[in-house]
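Given next are the chains, with one letter for each unit.
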Amino acid sequence: MIGLIFCVLCVSGAAWTYTGPKGVQHWSKSYPFCGGVFQSPIDLQTPLLQYDPSLVPIEVHNYDLLAHEQLTLGNSGHAVKLYLPSKMYILGLPNRYSAVELHVHWGSPNTPAGSEHTIDGKRFAAELHVVHFNSKKYSNVSVAADKSDGLAVLAVLIEVSGGGACGEEAGPHCLGILLKLLMQKYYQKVQVPAFNIRHLLPLRLDQYYRYDGSLTTPPCYPSVLWTVFRNPITISHTQYILCKLTQLAL
Ligand SMILES: *[C@@H]1O[C@H](CO)[C@@H](O)[C@H](O)[C@H]1NC(C)=O
Ligand SMILES: [Zn+2]
């Protein structure tokens, strides 16, 4: 199985990579916004945090998708993205933001943990991003992507619990969906049954860190209002390994 996964060709010739001559340290040469003052991700240092009584709980709407609603799973060359219907939206932010896609950062072969945000220097196993655009002001995500109030991302830190079999309830779709993707030819989009996206978020949507930041990858536009939930979600060790291997094969 592992042999099969690593045999799959790496996507090369992409305009940027995480390591090597087009790696993170070189992004700003081709993408001037990268490395700017709003650059995400950040280390959330709890002694520096300030309580803001004006922040209200995040409200998610129409996240409870049903299996007969098909979703498109695509490979951007850097990540597997699950495209979401714009009827899904969130409130509790300065604008109404509609969903675009979700993806997970699993880290690289050399990194034991792949979360982008860290809390007091602690990196988590992985990190889920649910990307939304300001649908009150902009007609679609392409128009919103470089606007200062264009995007809002919900970030969920992911922890791995000991043991666990395939197909457990926490994040059950990750495994099946990603394995299905592996079976497809690269760049071919596949349809997968929808599920309740709310199950990928922690129970408490009223405890989070909020800051103004950017896209974490090129072109790094400083356009993202970040909500990083305080409580991580947990997936099984098996799911984590398989998902990470699948992602790394891309
Ligand atoms: C986004 O909206 C703009 C302006 O309304 C339009 O020109 C463009 O084609 C749209 N892009 C997509 C991908 O729908
Ligand atoms: Zn991301």
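Refer to the structure presented above.
Residues numbered from 1 in each chain as written. Chains lettered and ligands numbered in written order. Predicted model: local features only at pLDDT ≥ 70, side-chain atom pairs only at ≥ 80, totals over all residues. Heavy atoms only, no water.

Brief notes about the coordination of the zinc ion (ligand 2)
Next, step 1: At this site the zinc ion (ligand 2) is bound by His 103 (NE2), His 105 (NE2) and His 129 (ND1), with donor distances of 2.0 to 2.1 Å.
Next, step 2: The sequence pattern formed by the donor residues of the zinc ion (ligand 2) is H-x1-H-x23-H. Residue His 103 is located in strand 6 (residues 97-105), and its partner His 129 is located in strand 9 (residues 126-134); the two are separated by 26 residues in the primary sequence. As far as the burial class goes, His 103 and His 129 line up, both buried. (Donors = N, O, S within 2.8 Å, 3.2 Å for Na, K, Ca; no water. Helix = DSSP H or I, 4+ residues; strand = E, 2+ residues; numbered from the N terminus. Buried < 20%, exposed > 50% of the residue type's maximum accessible area, 1.4 Å probe, protein only.)

Considerations on the side chain of Glu 101
Next, step 1: Turning to its location among the elements, Glu 101 is positioned in strand 6.
Next, step 2: Ignoring any residue separated from it by four or fewer positions in sequence, one finds Glu 101 in contact with Lys 81, Leu 82, Tyr 83, Leu 84, His 129, Val 130 and Val 131. (Contact = heavy atoms within 4.5 Å.)

Points about unusual backbone geometry
Next, step 1: Pro 41 follows Ser 40 through a cis peptide bond whose omega is 0 degrees.
Next, step 2: As for its placement among the helices and strands, Pro 41 is situated in the loop between helix 2 (27-30) and strand 1 (43-44).
Next, step 3: Looking along the chain, the bond that leaves Pro 218 and enters Pro 219 is cis, with omega of 10 degrees.
Next, step 4: Following the sequence through the fold, Pro 219 ends up in the loop between strand 12 (208-213) and strand 13 (224-229).
Next, step 5: With a phi close to 50 degrees, Asp 120 is a non-glycine residue in the positive phi region.
Next, step 6: Looking at the secondary structure, you find Asp 120 in the loop between strand 7 (118-119) and strand 8 (122-123).
Next, step 7: A relative accessible area of 43% means that Asp 120 is categorised as partly exposed.

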